[in-house]
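What follows is the residue order along each chain.
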Amino acid sequence: NKEDNFYEEVPDIPDEIFVSAEPFEITSTGLQVLKDAVLEANNQRNTLSKDLKKIKLKTFFTKFFKLISQISLIYFLGPIKKRIKENLKQLDIATKQIKEGIENSYVDLDLNLNEKAEKEYKKVINSFKTLTTSHFIWDITSATDVDMVRERSSAAYTYERRKSSLSLQELPGIKSSFEACCFKNQNGADIYIYPGFLVMYNSETNFGIVELKEVEMLFNESNFIESEQQPNDSEVIKYVWEKTNKNGSRDKRYADNRELPLMRYGEITFYKKAGIFEKFMFSNYEYSEQFISDINYFIDAI
């Protein structure tokens, strides 16, 4: 019976942890060249950023020397004035060149989708934008089985969950006509979804790129006993007692026994064998179901 598998919060020792491998371990063979190019772009950008800091420091001291020399009037001696002006001019040229280099330190991804795939991806983006408006978004980090008789509970499992967020973003080192759908991970690498591939991103040097077709994106209905704030965009299935008898009735031995709402939430799982295992829960069941439907339809179209 589906309604017997309720979920609740606050586990002790988890039976299952939803955590992925280190991102640098999971890149698809066919995408290693792309990863290397992004690494190189990130490294170049970081080197240039350090150079820019040095140039800015030199500019500051040159301008400071100019001010001091003006106060002491030695600035108006021909050679010193000429030298300061020339130094500032060269520093300004160097600053512009380095800034241009930083601006160009990325991999330009021109993702050529066929007409059908591009149309389907627009649907993905639209449903993702809608999904970001869910009243609550949680990253589920672990699950624990519950001894329902001993705990006098209606919940068969407990979840540890942390508030999370979604956004459309650019991944550092990549520029594309498509923004990435980003899932903020609370116990590991963030997930960036592009047309054709998915990035597990921890830092500019620790990330992995995986073909979308290698990742299972699964949707489930989650019947969750909500002991915290009740979302305004979720369906209440029914109310249950926090502590129950075997027949589900109120256990009167607990004076502060509360009646809690059993909520209908949407659950999205990202899974790749020996690589990715992440689970998110959404207060809006319909929005999360639509997103997974659209993205899986898109993957079939490419």
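Residues numbered from 1 in each chain as written. Predicted model: local features only at pLDDT ≥ 70, side-chain atom pairs only at ≥ 80, totals over all residues. Heavy atoms only, no water.

## Here we look at helix 1 (residues 32–71)
If you check helix 1, its first and last C-alpha atoms are 59 Å apart, about what 40 residues at 1.5 Å a residue would give, namely 58 Å. For helix 1, the set of buried residues is L34, K35, V38, A41, N42, R45, L48, L52, I55, T59, T62 and S69. (Helix = DSSP H or I, 4+ residues; strand = E, 2+ residues; numbered from the N terminus. Expected span 1.5 Å × (residues − 1). Buried < 20%, exposed > 50% of the residue type's maximum accessible area, 1.4 Å probe, protein only.)

## Here we look at the packing of aromatic side chains
What characterises a pair of aromatic rings is the spacing of the ring centres plus the angle enclosed by the ring planes. Enumeration according to the criterion identifies 19 aromatic pairs in this entry. Measuring from centroid to centroid gives 5.7 Å for F128 and F291, while their planes differ by 55 degrees, and the two rings are tilted. In this pair, F128 is assigned in helix 3 (residues 115–131) and F291 in helix 5 (residues 285–301), connecting sequence segments 163 residues apart. With 5.0 Å between their ring centres and 75 degrees between their planes, F183 and F270 make a pair best called edge-to-face. With a gap of 87 residues between them, F183 in strand 8 (residues 180–183) and F270 in strand 14 (residues 259–272) connect regions that are remote in the sequence. Taken together through their ring pairs, the aromatic side chains of F128, F183, F270, F280 and F291 make up a single cluster. The ring centre of Y285 lies 3.6 Å from the NZ or CZ of R264, which sits over that ring. Looking at K279, its charged tip hangs above the ring of F18, at a distance of 5.1 Å from the centre. (Phe/Tyr/Trp six-rings, centres within 6.5 Å; stacked < 30°, edge-to-face > 60°. Lys NZ or Arg CZ within 6 Å of the ring centre and 35° of its normal.)

## What about the packing of helix 3 against helix 5?
Their axes nearest at 9 Å, the elements helix 3 and helix 5 cross at an angle of 160 degrees. Overall, the two elements helix 3 and helix 5 adopt an arrangement that is roughly antiparallel. As helix 3 runs across helix 5, the sense of the crossing is left-handed. Of the residues in helix 5, those in contact with K116, A117, E120, Y121, K123, V124, S127, F128, T130 and L131 of helix 3 are Y287, S288, Q290, F291, D294, I295, Y297, F298 and A301. Its residues assigned to classes, the contact of helix 3 with helix 5 comprises eleven nonpolar, four polar and four charged. (Axes fitted to C-alpha atoms, helices over the stretch in contact; angles between N-to-C directions. Parallel < 35°, antiparallel > 145°, perpendicular 65-115°, else oblique. Left-handed = near helix turned anticlockwise from the far one by under 90°. Contact = heavy atoms within 4.5 Å. Nonpolar A, V, L, I, M, F, W, Y, C, P; charged D, E, K, R; others polar.)

## Some details on a positive patch on the surface
A contiguous patch of positive charge on the surface is contributed by K50, K53, K54 and K58. Relative to the helices and strands, K58 is located in helix 1. (Patch = residues over 30% accessible without salt bridge, like charges linked within 9 Å, V, L, I, M, F, W, Y side chains within 5 Å. Areas by Shrake-Rupley, 256 points an atom, 1.4 Å probe, with all protein chains shown as cover. Salt bridge = Lys/Arg side-chain N within 4 Å of Asp/Glu carboxyl O. Lys, Arg positive; Asp, Glu negative; His and termini not counted. Charge placed at Lys NZ, Arg CZ, Asp CG, Glu CD.)

## Looking at the side chain of S176
When you line up the elements, S176 lands in strand 7 (residues 174–176). Look past the residues within four positions of S176 in its chain and what remains in contact with it is L109, L111, E170 and Y194.

## Brief notes about the pattern of salt bridges
Counted under the stated rule, the structure contains 13 salt bridges. Linking K96 and D92 is a salt bridge whose minimum nitrogen-to-oxygen distance equals 3.4 Å. Here K96 and its partner D92 are both found in helix 2 (residues 78–103), four residues apart, which amounts to about one turn of the helix. Among the ionic contacts, a cluster of salt bridges with common partners joins E221, E235, R264 and E286.

## Observations regarding the packing of helix 1 against helix 2
Packing of helix 1 against helix 2 brings their axes to within 9 Å, and their N-to-C directions diverge by 160 degrees. When the axis of helix 1 is compared with that of helix 2, the two are roughly antiparallel. The crossing of helix 1 and helix 2 is left-handed.

## What about a nonpolar patch on the surface?
Together, L57, F60, F61, F64, L67, I68 and I71 give the surface a local cluster of nonpolar side chains, amounting to about 740 Å² of exposed area. Take F61: it is sitting in helix 1.

## Quick look at the sheet that holds strand 8
What the five strands build is an open sheet, ordered 6-8-9-10-11; its pairing is antiparallel. Both outer strands of the open sheet, strand 6 (166–169) and strand 11 (207–211), are each paired with one neighbouring strand and no more. Across the sheet, the axes of successive neighbouring strands diverge by a mean angle of 25 degrees, strand direction being ignored. Pairing of strand 10 (residues 197–201) with strand 11, which is carried by five bridges, proceeds in the antiparallel orientation. Note on strand 11: the bridge partner recorded for L198 is V210. (Pairing = 2+ DSSP bridges.)

## Let's talk about the nonpolar core
Judged by nonpolar contacts, the single largest core of 51 residues is most densely connected at F183, I193, L198, M217, F270 and F291. When sequence neighbours within four positions are dropped, the list of residues in contact with L198 reads I191, Y192, I193, G208, I209, V210, L212, V215, M217, F270 and I276. Counting residues in each nonpolar core, the second largest holds eleven residues, with F18, F136, I140 and F224 among its members. (Core = buried A, V, L, I, M, F, W, Y, C linked by side-chain atoms within 4.5 Å.)

## Details of the environment of E22
With respect to the element layout, E22 can be found in the loop between strand 2 (16–17) and helix 1. Considered as a pair, E22 and N202 are 180 residues apart in the sequence and their alpha carbons are 8.7 Å apart. Leaving out residues up to four positions away in the same chain, E22 has contacts with N202 and N206. Only 2.9 Å separates the side chain of E22 from the side chain of N206, close enough to count as a polar contact. (Polar contact = N/O pair within 3.5 Å; in protein donor to acceptor, adjacent residues only side chain to side chain.)

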